[in-house]
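# Structural features, examined
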Amino acid sequence: MWLSVACNHCEKPACVPACPVKAYTQEPDGLVVQDHAKCIGCQACIAACPFKAPVFDPASKKVFKCDGCIKLLAAGKQPACVQACTQGALQFGPITELKKKYPEAVVAGFEWANKYFGYPANSQTEPHLVIVPLN
């Protein structure tokens, strides 16, 4: 079983308060964005994130994570991963709309994700991610 998780842009992101230099911010639309110029590479965000979405780059000695392709969104486009997914398995939008569109979907903290991927209870960070089970 495979599951790719770049960043869940959580309602209560653990990375934001963990960063000692305040390199992370949560945008009004919910995106959790990192200012790479502020990052000191301490990796506190990696330790705090239960999904291990931030990744340390040894070459730059900084941490990077998905920003939801905030520049593409500002230009009225979808994130690159959504554009590249030929099967439509990846979709992007307000979490309330995705949950309404996919009532059979489950959120990241559900039982099998916890069992196989070590995900925390959904209530810990309230990830903005739904997974639609295949029939």
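Each remark here, short or long, concerns the structure printed above.
Rules and cut-offs
- Residues numbered from 1 in each chain as written.
- Predicted model: local features only at pLDDT ≥ 70, side-chain atom pairs only at ≥ 80, totals over all residues.
- Heavy atoms only, no water.
- Helix = DSSP H or I, 4+ residues; strand = E, 2+ residues; numbered from the N terminus.
- Buried < 20%, exposed > 50% of the residue type's maximum accessible area, 1.4 Å probe, protein only.
- Contact = heavy atoms within 4.5 Å.
- 1 Å grid on protein atoms, 1.4 Å probe; cavity = no way out; pocket = protein on both sides within 12 Å on 5 of 7 lines; lining within 4 Å.
- Points joined across faces, edges and corners; volume = space filled by probe spheres on them.
- Nonpolar A, V, L, I, M, F, W, Y, C, P; charged D, E, K, R; others polar.
- Polar contact = N/O pair within 3.5 Å; in protein donor to acceptor, adjacent residues only side chain to side chain.
- Core = buried A, V, L, I, M, F, W, Y, C linked by side-chain atoms within 4.5 Å.

### Notes on the overall build of the protein chain
Counting its secondary structure elements, the protein chain contains seven helices and six strands. For the protein chain, the α and β elements follow one another from N to C terminus as α-β-β-α-β-β-α-α-α-β-α-α-β. Put simply, the protein chain has 135 residues, and 31% of those count as buried. Across the protein chain, contacts joining residues at least 24 apart in sequence account for 49% of those joining residues at least 6 apart.

### Quick word on empty space enclosed by the protein
Applying the stated criterion across every chain yields a total of two cavities of 30 Å³ or more. What the largest cavity holds in volume is close to 110 Å³. What lines the largest cavity is a set of 15 residues, among which C7, C10, P13, C15 and C49 lie closest to the centre. Per-class residue counts for the lining of the largest cavity are 11 nonpolar, three polar and one charged. Considered as a void within the structure, the second largest cavity measures approximately 60 Å³ in volume. If you trace the second largest cavity, you find it lined by C19, P20, Y24, Q34, C39, I40, G41, C42, Q43, A44, C45 and V63. A class-by-class count of the residues in the lining of the second largest cavity yields nine nonpolar, three polar and no charged.

### What about unusual backbone geometry?
Located in the positive-phi region is K22, a residue other than glycine, with phi close to 55°. Within the fold, K22 resides in the loop between helix 1 (15-18) and strand 1 (24-26). You can call K22 exposed: its relative accessible area is 60%. For Q43, which is not glycine, the phi torsion reads 70° and is therefore positive. A relative accessible area of 33% means that Q43 is categorised as partly exposed.

### Some words on the side chain of Q34
Summarising the element assignment, Q34 is placed in strand 2 (residues 32-34). Judged by relative accessible area, Q34 falls into the buried class, the value being 9%. Polar contacts involving the side chain of Q34 include one to the side chain of H36, which spans 3.0 Å. A polar contact is formed between the side chain of Q34 and the backbone oxygen of V63, at a distance of 2.8 Å. Every residue in contact with Q34, bar those within four places of it in the chain, is listed here: A23, Y24, C39, V63, F64 and K65.

### Here's the deal with the nonpolar core
Grouped together as the largest cluster of nonpolar side chains are nine residues: C15, C19, A23, Y24, V32, C39, C45, I46 and V63. Contacts of C39, omitting those with residues within four sequence positions, involve A23, Q34, K62 and V63. Formed by six residues, the second largest nonpolar core is a distinct cluster that contains C7, C10, F51 and A53.

Geometry only, nothing functional implied.
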